[in-house]
Amino acid sequence: MKRILLSLVTLLLFSVTMNAQKKSELIAEIATLKTQLDSVSSEVTNARKNEKIAQTESESYKTQVTELQDANATLLKSLTSFTEVSSKNSSNFTKAMEQLSEKEQQLKAINDAIARNDSTALVVLTNAKQTLGENARIGVSNGMVLISSDLTSLFGSDTEATIAPEAEPWVQKIGQILTANPDMAVTIEGLSMTGDLSLPAQQASAVSSALQRLEIAPERLTALGRDGNLKEGIIIKIHPKFDEFYLMVKDNMKNGN
């Protein structure tokens, strides 16, 4: 009986010991699980914080991307406008250069014509000196060759309007000069020192008629009387055909426009 009782007591103690051990293990396991749960909770909290930060950064990046897209669109628009303006300016520059080139061609044509006239005037001057002699009254002014004679030498007196016979050789020499230079025009001026232009005009016309008899074309000749400013006589001006020169300049300007 005692043995049975001892066995039961032993079994009871073993059972209590085992239960105490299991309880202790359970408590330890619960503590471990709680620690793990706290750790997981902390990680979840951190993850949520990081998610919010990431969302905030994402929104910021989206805003920056939108701003960059707008800035890029504005830049592209400005670049397009700049390209259009640059192209327009380039076109205007090209047109301006073309117009400048045309103006240069016009000026070159005019300068060439003036140079030809000056060269021709030099030829006429040389020819006149050779024909009339070094003592003749010959000069150059504004591209014109001027040949002068007093009234007495031409008409015998200052009141006559008919060329004197002794002046015919001089007139013939003038005719030779004009014949040798057919592209030149002639203006014959009778100078008056009294203000009365009638007689000087008649004297200039007499010289013109004498030259026409020497087969100088009348369209090359212009005769007129003018105030000589206290001087009298006849001045023969040999010069380019101003009307043709004017038309040449006018045509060049018209073509340039």
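All of the points below concern the structure found in this document. (Residues numbered from 1 in each chain as written. Predicted model: local features only at pLDDT ≥ 70, side-chain atom pairs only at ≥ 80, totals over all residues. Heavy atoms only, no water.)

## Thoughts on the nonpolar core
Right, on to step 1. Of all hydrophobic cores here, the largest spans 31 residues; its most connected members are Ile147, Ile174, Val207, Leu211, Ile236 and Ile238.
Right, on to step 2. Taken together, the elements giving at least two residues each to this core come down to α1 (2–132), β2 (144–149), α2 (151–155), α3 (168–180), β3 (184–192), α4 (198–213) and β5 (233–240).
Right, on to step 3. In this structure, Ile236 is in contact with Val145, Leu146, Ile147, Trp170, Ile174, Val186, Thr187, Ile188 and Val207, ignoring residues within four places of it in sequence. (Core = buried A, V, L, I, M, F, W, Y, C linked by side-chain atoms within 4.5 Å. Buried < 20%, exposed > 50% of the residue type's maximum accessible area, 1.4 Å probe, protein only. Helix = DSSP H or I, 4+ residues; strand = E, 2+ residues; numbered from the N terminus. Contact = heavy atoms within 4.5 Å.)

## Focus: the sheet that holds strand β1 (residues 138–141)
Right, on to step 1. Pairing within the open sheet is mixed, and its 5 strands lie in the order β1-β2-β5-β3-β4. The outermost strands of the open sheet, each flanked by one partner alone, are β1 and β4 (221–227). Along the sheet, successive strands turn relative to each other by an average axial angle of 25°, direction set aside.
Right, on to step 2. As paired elements, β2 and β5 share 5 bridges and run antiparallel to each other. Within the sheet, the bridge partner assigned to Val145 lies in β5 and is Ile238.
Right, on to step 3. Running at roughly 170° to β2, α3 makes contact with β2, β3, β4 and β5 of the sheet.
Right, on to step 4. Packing against the sheet, α4 makes contact with β3, β4 and β5, and its axis sits at approximately 160° to β4. (Pairing = 2+ DSSP bridges. Axes fitted to C-alpha atoms, helices over the stretch in contact; angles between N-to-C directions.)

## Examining a nonpolar patch on the surface
Right, on to step 1. On the surface, a nonpolar cluster with roughly 310 Å² of combined accessible area is contributed by Phe93, Met97 and Leu100.
Right, on to step 2. On the secondary structure map, Met97 appears in helix α1.
Right, on to step 3. Accessibility expressed as a relative area gives 41% for Met97, which makes it partly exposed. (Patch = residues over 30% accessible without salt bridge, like charges linked within 9 Å, V, L, I, M, F, W, Y side chains within 5 Å. Areas by Shrake-Rupley, 256 points an atom, 1.4 Å probe, with all protein chains shown as cover. Salt bridge = Lys/Arg side-chain N within 4 Å of Asp/Glu carboxyl O.)

## Some details on the pattern of salt bridges
Right, on to step 1. Summed over all chains, the structure comprises 2 salt bridges.
Right, on to step 2. A salt bridge links Glu189 to Arg226, with the nearest nitrogen and oxygen atoms 2.5 Å apart. Taken as a pair, Glu189 in strand β3 and Arg226 in strand β4 lie far apart in primary sequence, 37 residues in all.
Right, on to step 3. Its relative accessible area of 7% is what places Glu189 among the buried residues.
Right, on to step 4. Notably, a salt bridge pairs Glu189 with Lys237, separated by 3.1 Å at the nearest N-O pair. Residue Glu189 is found in strand β3, and its partner Lys237 is found in strand β5; the two are separated by 48 residues along the sequence.
Right, on to step 5. Bridged by salt links that share partners, the residues Glu189, Arg226 and Lys237 form one connected network.

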